[in-house]
Amino acid sequence: SAVISQKPSRDICQRGTSLTIQCQVDSQVTMMFWYRQQPGQSLTLIATANQGSEATYESGFVIDKFPISRPNLTFSTLTVSNMSPEDSSIYLCSVEMAGLQETQYFGPGTRLLVL
Amino acid sequence: GDSVTQMEGPVTLSEEAFLTINCTYTATGYPSLFWYVQYPGEGLQLLLKATKADDKGSNKGFEATYRKETTSFHLEKGSVQVSDSAVYFCALSASSNDYKLSFGAGTTVTVRA
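A brief look at the structure comes next. (Residues numbered from 1 in each chain as written. Chains lettered and ligands numbered in written order. Predicted model: local features only at pLDDT ≥ 70, side-chain atom pairs only at ≥ 80, totals over all residues. Heavy atoms only, no water.)

Turning our eyes to something else, we now look at the interface of chain A and chain B. At the interface, 18 residues of chain A touch 18 residues of chain B. The largest contributions to the chain A side of the interface with chain B come from Ser42, Glu102 and Phe106 of chain A, which together make up 34% of the buried area. Between chain A and chain B we count one salt bridge in total. One salt bridge connects Lys100 of chain B with Glu58 of chain A, and the closest N-O pair in it is separated by 2.8 Å. Connecting chain A to chain B are eight residue pairs in polar contact (both at pLDDT 80 or more). Residue composition of the side of chain A that touches chain B, grouped by class: nine nonpolar, six polar and three charged. (Contact = heavy atoms within 4.5 Å. Buried area = accessible area lost by both parts, 1.4 Å probe. Salt bridge = Lys/Arg side-chain N within 4 Å of Asp/Glu carboxyl O. Polar contact = N/O pair within 3.5 Å; in protein donor to acceptor, adjacent residues only side chain to side chain. Nonpolar A, V, L, I, M, F, W, Y, C, P; charged D, E, K, R; others polar.)

Printed below as a string of structure tokens:
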């Protein structure tokens, strides 16, 4: 597996502001993903972060609200834009390793509270 | 589309009790199946997985067998500990969905001393 870190680990933000979450992996990975876990709920895939090209978003998620960058094989960012209280969630990145297709490893998550 | 249905919780057990969490799936083709665990205040950890029918995944005393005939992947542990208190998620990955993970709703397990 890989060591995955996320920054920040938690934050409290005011509505209307934006927050950028970073995901760093200690080795090169083939795939990186961003998920949202709303309070007491399961995980929902937001998008696949593609290296060198635009992210692929799932139904219900758009680039203007959740812009994603992936400048290289070990790093990605997710921005939650123009936040509202409904964006209060845990945001998790996950990675898929070369040679371990179909198995995703998750970061520790970023706990976001929007007031 | 692909989906996972798992036993609703919460589940409360005494230490050393037997734990079963039921998980059934719907998928086109032959998915890979996973159990993830989320301890309080933490992210998800891969607990075990199975990639083909009749495979048994095991880790930390937990086991799950991929049953194609019943489309199930039930999680079991013979003797739970307080430290097993967590939320458990069943998930699948299938080629029909570009190998994206589909998660069940999660089952909260509390083990009392």
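Still more to cover.
Enumeration over the complete set of coordinates arrives at two disulfides over all chains. The residue that forms a disulfide with Cys23 of chain A is Cys93 of chain A, at a sulfur-sulfur distance of 2.0 Å. Handedness of the Cys23 of chain A-Cys93 of chain A disulfide follows from its S-S torsion of about 65 degrees: it is right-handed. Of this pair, Cys23 of chain A sits in strand β3 (residues 19-25) while Cys93 of chain A sits in strand β9 (residues 89-96), and the two are 70 residues apart along the sequence. Each of the two residues, Cys23 of chain A as well as Cys93 of chain A, counts as buried. Each sulfur in the disulfide pair Cys23 of chain B and Cys90 of chain B lies 1.9 Å from the other. The disulfide joining Cys23 of chain B to Cys90 of chain B has a torsion of about -70 degrees about its S-S bond and is therefore left-handed. Of the two residues, Cys23 of chain B is situated in strand β4 (residues 23-26) and Cys90 of chain B in strand β10 (residues 86-93); the sequence distance between them amounts to 67 residues. (Disulfide = S-S within 2.5 Å. Helix = DSSP H or I, 4+ residues; strand = E, 2+ residues; numbered from the N terminus. Buried < 20%, exposed > 50% of the residue type's maximum accessible area, 1.4 Å probe, protein only.)

Quick look at the sheet that holds strand β8 (residues 75-80) of chain A now. Residue and element names in this part refer to chain A. What the four strands build is an open sheet, ordered β1-β3-β8-β7; its pairing is antiparallel. Every interior strand has two partners, whereas the edge strands, β1 (4-7) and β7 (68-72), have only one. This sheet shows a mean twist of 15 degrees between the axes of neighbouring strands, independent of strand direction. Bridging between β3 and β8 involves six bridges; their strand directions are antiparallel. Bridge assignment links Leu19 to a residue of β8, and that residue is Val80. (Pairing = 2+ DSSP bridges. Axes fitted to C-alpha atoms, helices over the stretch in contact; angles between N-to-C directions.)

Residues and elements named next belong to chain A. Burial runs high along β8: six of the six residues are buried. Side chains Phe75, Thr77 and Thr79 of β8 all project onto a buried face; the interleaved residues Ser76, Leu78 and Val80 project onto the opposite face, where all are buried too. Counting the residues between successive antiparallel strands, the hairpin from β7 to β8 contains two residues.

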